[in-house]
Amino acid sequence: MMSISDVAKQTGLTAKTIRFYETKGVISAAPRGTNGYRYYNTSHIAELLLIKRSRMIGFSLDECQQLLALSTNPDRHSRDVKQKAQQKLIEIDHKIEELKQIKLTLSALTDQCPGDKSAHCPILESLIKNG
């Protein structure tokens, strides 16, 4: 059994984040000692690492919870996990396209701005006019 500070060190997550995940039911509840402190085991570490790594590659907390449920389901099918990953790839591609459009717009605006000491600012004018 490990304390929350031990788990935080092993996972690289803060104690606050670990408590948040537990409160939201994302990870299984840690038993409490007679002193009221939470005590974690290796399965909690595995859950937290799966969540942390899933978040790092773009999954939402709800999606992490679904992946965690799949990871503990002995009757899971790899196609279910692959489908979630493929859906995430589609979302990421969509976000990349949105970011490319944002970059093009911002680049065009900055090209129009003289960037001198005058009050005239095409960037602000465009944001106000097109906002």
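Keep in mind it's a predicted model, so treat the numbers as computed, not measured.

Undergrad: Account for the overall build of the chain, naming residues and giving values.
TA: Helix and strand counts for the chain stand at six helices and zero strands. Traced from its N-terminal end to its C-terminal end, the chain shows the element sequence α-α-α-α-α-α. Rg of the C-alpha trace for the chain: 23 Å, well past the compact-globule value of 14 Å for 131 residues, more than 25% over. Seen through its principal axes, the chain has C-alpha atoms that stretch 70 × 40 × 20 Å. The buried share of the chain, taken over its 131 residues, is 25%. In the chain, of all internal contacts separated by at least 6 residues, the share reaching a separation of at least 24 is 42%. Looking at the chain as shown, the accessible area adds up to about 9,400 Å², and 57% of this sits on carbon and sulfur atoms. The centroid of the 19 positive side-chain charges in the chain is displaced by 6 Å from the centroid of its 14 negative side-chain charges.

Undergrad: Account for the domain arrangement of the chain, naming residues and giving values.
TA: Taken domain by domain, the chain comprises domain 1 (1–57) and domain 2 (77–130). A separation of 35 Å is found between the C-alpha centroids of domain 1 and domain 2.

Undergrad: Which residues make up the packing of helix H3 (residues 42–56) against helix H4 (residues 61–71), and what values do they have?
TA: The geometry of H3 relative to H4 is characterised by a closest axis approach of 9 Å and an angle of 135° between their N-to-C directions. Taken together, the axis directions place H3 and H4 in an arrangement best described as oblique. Here the hand of the crossing between H3 and H4 comes out right-handed. Judged by residue contacts, Glu-47, Leu-50, Ile-51, Ser-54 and Arg-55 of H3 engage Leu-61, Cys-64, Leu-67, Leu-68 and Ser-71 from H4.

Undergrad: So what's going on with the UniProt feature "domain: HTH merR-type" (unreviewed entry) in the chain? Residues and values would help.
TA: Sites flagged by UniProt as "domain: HTH merR-type" (unreviewed entry) map to residues 1–70. Span residues 1–70 is 60% helix and 0% strand, its end C-alpha atoms 25 Å apart.

Undergrad: Got a sec to walk through the pattern of salt bridges? Specific residues and values, please.
TA: Applying the stated criterion to the full structure yields four salt bridges. The residue Glu-91 makes a salt bridge to Lys-88 at a minimum N-O spacing of 2.8 Å. Pair noted here: Glu-91 and Lys-88 are both in helix H5 (residues 78–112), with a separation of three residues, about one helical turn. Under the relative-accessibility criterion, Glu-91 is labelled partly exposed at 28%. For Lys-88, a relative accessible area of 6% gives the class buried.

Undergrad: Describe helix H2 (residues 15–23), naming the residues involved and giving the relevant values.
TA: Turning to H2, its buried residues are Ile-18, Tyr-21 and Glu-22. What you see down the axis of H2 is that its buried residues fit within an arc of 100°, all on one side. For H2, the exposed residues lying more than 90 degrees away from the buried face are Lys-16 and Thr-23. The elements touched by buried residues of H2 are helix H1 (4–11), H3 and H4. Note on H2: the residue one or two positions beyond its end, Gly-25, has a positive phi of about 80°.

Undergrad: Mind laying out the packing of aromatic side chains, listing which residues take part and the relevant values?
TA: By the definition in use, this model includes one aromatic pair. Residues Phe-20 and Tyr-21 carry aromatic rings whose centres are separated by 6.1 Å and whose planes lie at 55° to one another, so their mutual orientation is tilted. Among the residues examined, Phe-20 registers a relative accessible area of 38% and is labelled partly exposed. Exposure remark for Tyr-21: the relative accessible area of 7% places this residue in the buried category.

Undergrad: Which residues make up the UniProt feature "coiled-coil region" (unreviewed entry) in the chain, and what values do they have?
TA: UniProt records the feature "coiled-coil region" (unreviewed entry) for residues 82–112 in the present numbering. Measuring from the first to the last C-alpha atom of residues 82–112 gives 45 Å, for a span that is 100% helix and 0% strand.

Undergrad: If you had to explain the nonpolar core to someone new, which residues and values would you point to?
TA: Formed by 20 residues in total, the largest nonpolar core has its most connected members in Val-7, Ile-18, Tyr-21, Ile-27, Tyr-40, Leu-48 and Ile-51. What Tyr-40 contacts, discounting residues up to four positions off in sequence, is Met-1, Met-2, Ser-3, Ile-4, Val-7, Ile-18, Glu-22, Ile-27 and Ala-30.

About the criteria used
- Residues numbered from 1 in each chain as written.
- Predicted model: local features only at pLDDT ≥ 70, side-chain atom pairs only at ≥ 80, totals over all residues.
- Heavy atoms only, no water.
- Helix = DSSP H or I, 4+ residues; strand = E, 2+ residues; numbered from the N terminus.
- Rg over C-alpha atoms; globule rule 2.2 N^0.38 Å.
- Buried < 20%, exposed > 50% of the residue type's maximum accessible area, 1.4 Å probe, protein only.
- Contact = heavy atoms within 4.5 Å.
- Areas by Shrake-Rupley, 256 points an atom, 1.4 Å probe, with all protein chains shown as cover.
- Lys, Arg positive; Asp, Glu negative; His and termini not counted.
- Charge placed at Lys NZ, Arg CZ, Asp CG, Glu CD.
- Domains from an automatic or database assignment.
- Axes fitted to C-alpha atoms, helices over the stretch in contact; angles between N-to-C directions.
- Parallel < 35°, antiparallel > 145°, perpendicular 65-115°, else oblique.
- Left-handed = near helix turned anticlockwise from the far one by under 90°.
- UniProt positions renumbered as here; feature names shortened; annotations may be inferred.
- Salt bridge = Lys/Arg side-chain N within 4 Å of Asp/Glu carboxyl O.
- Arc of directions from axis to C-beta.
- Phe/Tyr/Trp six-rings, centres within 6.5 Å; stacked < 30°, edge-to-face > 60°.
- Core = buried A, V, L, I, M, F, W, Y, C linked by side-chain atoms within 4.5 Å.

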